[in-house]
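A look at the structure
Chain by chain, the residues:
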Amino acid sequence: MSDAYSKYFGALSDPTRRAIVETLARGGRSVSALAEPHDMALPTFLRHLQVLEKAGLVRTVKKGRVRICTLEVAGIMDMQGWLAWQREIWENRDS
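A quick note: this is a predicted structure, and the numbers were derived from the prediction, not measured.

Turning next to helix H2 (residues 15-24). Buried residues of H2: Thr16, Arg17, Ile20, Val21 and Leu24, and no others. Buried residues along H2 cover an arc of 140° about the axis, so they all sit on one side. Opposite its buried face, H2 presents the exposed residues Pro15 and Glu22, each directed more than 90 degrees away. Among the residues of H2, the N-terminal cap falls to Asp14, whose side-chain oxygen and the backbone nitrogen of Thr16 are separated by 2.8 Å.

Written as structure tokens, this is what we have:
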């Protein structure tokens, strides 16, 4: 498995980070809007966001004083392609 896949799945191993990805699947959000439903200090939340960014699953852009987060579609599609390939292998193996 490539290092990129290890980063993807490592990043998604945490429930907070999966929740962030699920929220961003509905559209971009500010960091404060993303952090609001999570019961943690902002610096802790920002570390979760940083893991997703380093994995290539989330992108943040500063607009004025606000940081807007969006999904990095290329990373999501790459991961989806790998999962589809694995599913095909399992469905076509001899039982």
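Next comes the rest of the account.
This next bit is on the environment of Glu53. As for its placement among the helices and strands, Glu53 is situated in helix H4 (residues 42-55). As for Glu53 and Glu72, which are separated by 19 residues in sequence, their C-alpha atoms are 8.5 Å apart. The residues touching Glu53, leaving out its near neighbours within four places in the chain, are Val58, Arg59 and Thr60.

Once that is clear, we can look at the sheet that holds strand E1 (residues 29-30). With antiparallel pairing, the three strands of this open sheet are ordered in space as E1-E3-E2. Where the open sheet ends on each side, the last strands, each with one partner, are E1 and strand E2 (58-63). Here two bridges tie E1 to strand E3 (residues 66-71), and the two strands are oriented antiparallel to one another. Paired with Ser30 across the strands is Ile68, a residue of E3.

Let us look at the packing of helix H1 (residues 3-11) against helix H5 (residues 73-92). Interaxial distance between H1 and H5 falls to 11 Å at its minimum, and their mutual angle equals 100°. In terms of orientation, H1 lies roughly perpendicular with respect to H5. Listed contacts from H5 to Tyr5, Tyr8 and Phe9 of H1 are Gly75, Asp78, Met79, Trp82 and Leu83. A class-by-class count of the residues in the contact of H1 with H5 yields six nonpolar, one polar and one charged.

Nonpolar side chains collect at one region of the surface, where Trp85, Ile89 and Trp90 lie side by side and expose about 370 Å² of accessible area between them. Tracing the chain through its elements places Trp90 in helix H5. For Trp90, a relative accessible area of 54% corresponds to the exposed category.

Right, let's get into the nonpolar core. Grouped together as the largest cluster of nonpolar side chains are 20 residues, with contacts concentrated most on Leu49, Leu52 and Leu57. When residues of this core are traced back to their parent elements, those giving at least two are H1, H2, helix H3 (31-35), H4, E3 and H5. With four residues, the single largest contributor to this core is H4.

The rules behind these values
Residues numbered from 1 in each chain as written. Predicted model: local features only at pLDDT ≥ 70, side-chain atom pairs only at ≥ 80, totals over all residues. Heavy atoms only, no water. Buried < 20%, exposed > 50% of the residue type's maximum accessible area, 1.4 Å probe, protein only. Helix = DSSP H or I, 4+ residues; strand = E, 2+ residues; numbered from the N terminus. Arc of directions from axis to C-beta. Polar contact = N/O pair within 3.5 Å; in protein donor to acceptor, adjacent residues only side chain to side chain. Contact = heavy atoms within 4.5 Å. Pairing = 2+ DSSP bridges. Axes fitted to C-alpha atoms, helices over the stretch in contact; angles between N-to-C directions. Parallel < 35°, antiparallel > 145°, perpendicular 65-115°, else oblique. Nonpolar A, V, L, I, M, F, W, Y, C, P; charged D, E, K, R; others polar. Patch = residues over 30% accessible without salt bridge, like charges linked within 9 Å, V, L, I, M, F, W, Y side chains within 5 Å. Areas by Shrake-Rupley, 256 points an atom, 1.4 Å probe, with all protein chains shown as cover. Salt bridge = Lys/Arg side-chain N within 4 Å of Asp/Glu carboxyl O. Core = buried A, V, L, I, M, F, W, Y, C linked by side-chain atoms within 4.5 Å.

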